[in-house]
Amino acid sequence: MEGRIQNTRQRPTLAILTYADEKRVFRGNQENFIDLIRAGEERGVLVYVMTTADFKLSGKQAVGYRYRAATKSWKRELLPMPHVIYNRIPYRKFEVLPEVQQVIQTCLRHSRVRFFNPSFFNKWTMFEWLNKSKLTKPYIPETKKLSSGEDIDKLLQSYPFLYLKPIRGKAGKGIMKVSRTEGRARAGQFELSIQDKTRSQISRYPTVSQLWSQVRELVGSKDYIIQQGIALSSYKRRPFDLRVLVQKNYKGHWTVAGVGARLAGRSSITTHVPRGGSIDDPGKLLAHAFGQTEGKKIIRTAKQAALLIAKQVEASSGQTLGEMSMDLGVDNDGHIWFFEANSKPMKFDEPPIRQKSLENLIRYSIFLSRKNGSQG
């Protein structure tokens, strides 16, 4: 069977790396880990959870956690040393800790262990990488580092609205929208929309310096990018974008595991589900906006774009990557735009994509363990 190792004596072993926690066994989406452990069992792969606190890659055994379905609990035990380690440390604040960085560096340097997705992405670096390739550049909105009110004023002369996004942001948190309100001088020439949970708060400012004063206060010490706003296709006056899951398969090649869609909340400036967005069928939304034939063509183009972007990101990063999720927008002309990629994708709720994602992770781990064995 494709993607299965017949030699049961030395079966492939995958460790899911996460952060230890004092309040519960460890951090991260435990339901996700359980699903991956089960998917491993189906294909003869031993999967367990390893924490940064228990981390040790010497000797023949490692401390890990296995799930006991009968008692619905995790058991800490000595397990075979992993062939492959999958980084699922859930937050940037954990990943940057010196002791965690030490663990990651050990994984990267180890000669017999394959380690993939070693870190979160940096939005600014990613846009720099993608702008360098003539294959991916057409999908990239104009993006600059935010440093002054002049940056906002200048870009607003080219585009009707802009987005301000934290460089190390997640799930739409901290995103702001800025536009110029021509012909409404009394109400204020500049409009700022701030995402607050599932709604957006709007305020107006007569000058760019007053707008900048407010933005600077909101941004604080965080690094932000400023980006060309894209007028997204909409369904019943609600904008939507595409969520694409790109993963490597049993041959180590990038593939599209699935395409979902996210519909913006009624008064939200983003399509993220935690910010009031909802899951929908991309085929239905695109057919509504462009017609059946054109809608199918756009999905094919989005898949091609996602694969090109994944290859360029991996080549530029110099790291081994096994998966990433992407937010792609479709404008009113049907053009595809790249907004962001996440190296620690959240669980896709669409059952076919979810199933495919688990299969791909296990098969890719088998591929890496074989590669490992051939170099041993």
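Everything quoted here is computed from the prediction, not taken from an experiment. (Residues numbered from 1 in each chain as written. Predicted model: local features only at pLDDT ≥ 70, side-chain atom pairs only at ≥ 80, totals over all residues. Heavy atoms only, no water.)

A. Molecular detail of helix α5 (residues 149-156). When we look at burial in α5, the residues that qualify are Gly149, Asp151, Ile152, Leu155 and Leu156. Buried positions in α5, seen along its axis, are confined to an arc of 160° and lie on one side of it. The outward face of α5, more than 90 degrees from its buried face, is lined by the exposed residues Glu150 and Lys154. (Buried < 20%, exposed > 50% of the residue type's maximum accessible area, 1.4 Å probe, protein only. Helix = DSSP H or I, 4+ residues; strand = E, 2+ residues; numbered from the N terminus. Arc of directions from axis to C-beta.)

B. Helix α7 (residues 282-290), seen in detail. Turning to α7, its buried residues number three or more, namely Pro282, Leu285, Leu286 and Ala287. Next to the buried residues of α7 lie β13 (234-235), β14 (238-248), β15 (254-263), β16 (278-280), α8 (292-317) and β17 (323-330). Just downstream of α7 lies glycine 291, where phi reads positive at about 95°. (Contact = heavy atoms within 4.5 Å.)

C. Representation of the confidence of the model for the chain. The predicted model of the chain has a mean per-residue pLDDT of 88, with 89% of residues at 70 or higher. Low pLDDT, under 50, characterises residues 1-9; the predicted model gives this stretch 18 contacts beyond four residues in sequence or across chains. (pLDDT = per-residue confidence, 0-100.)

D. Local environment of the environment of leucine 135. Considering the arrangement of structural elements, one finds leucine 135 in the loop between α4 (123-131) and β7 (143-145). Exposure remark for leucine 135: the relative accessible area of 53% places this residue in the exposed category. C-alpha separation for the pair leucine 135 and isoleucine 309, spaced 174 residues apart in sequence, amounts to 8.4 Å.

E. The packing of α7 against α8, seen in detail. Taken N-terminus to C-terminus, the directions of α7 and α8 make an angle of 125°; their axes are 7 Å apart at the nearest point. Taken together, the axis directions place α7 and α8 in an arrangement best described as oblique. Seen from above, α7 lies across α8 with right-handed handedness. Contact residues: Pro282, Gly283, Leu286, Ala287 and Phe290 in α7; Gln292, Glu294, Gly295, Ile298 and Ile299 in α8. In terms of residue class, the contact of α7 with α8 is built from 6 nonpolar, 3 polar and 1 charged. (Axes fitted to C-alpha atoms, helices over the stretch in contact; angles between N-to-C directions. Parallel < 35°, antiparallel > 145°, perpendicular 65-115°, else oblique. Left-handed = near helix turned anticlockwise from the far one by under 90°. Nonpolar A, V, L, I, M, F, W, Y, C, P; charged D, E, K, R; others polar.)

F. Inspection of the pattern of salt bridges at higher detail. As enumerated under the stated definition, the model contains 19 salt bridges in all. For arginine 243, the salt bridge is made with aspartate 241, and the minimal N-O distance between the two is 2.7 Å. A single salt-bridge network, built from bridges that share partners, covers Asp21, Arg24 and Arg27. (Salt bridge = Lys/Arg side-chain N within 4 Å of Asp/Glu carboxyl O.)

G. Representation of the pairing of strand β3 (residues 61-68). For β3 and strand β4 (residues 73-80), the ladder comprises 8 bridges, and the chain directions are antiparallel. Bridging from a neighbouring strand, arginine 68 pairs with serine 73 of β4. Between the antiparallel neighbours β3 and β4 lie 4 residues, among them lysine 72 with a positive phi of about 50°. (Pairing = 2+ DSSP bridges.)

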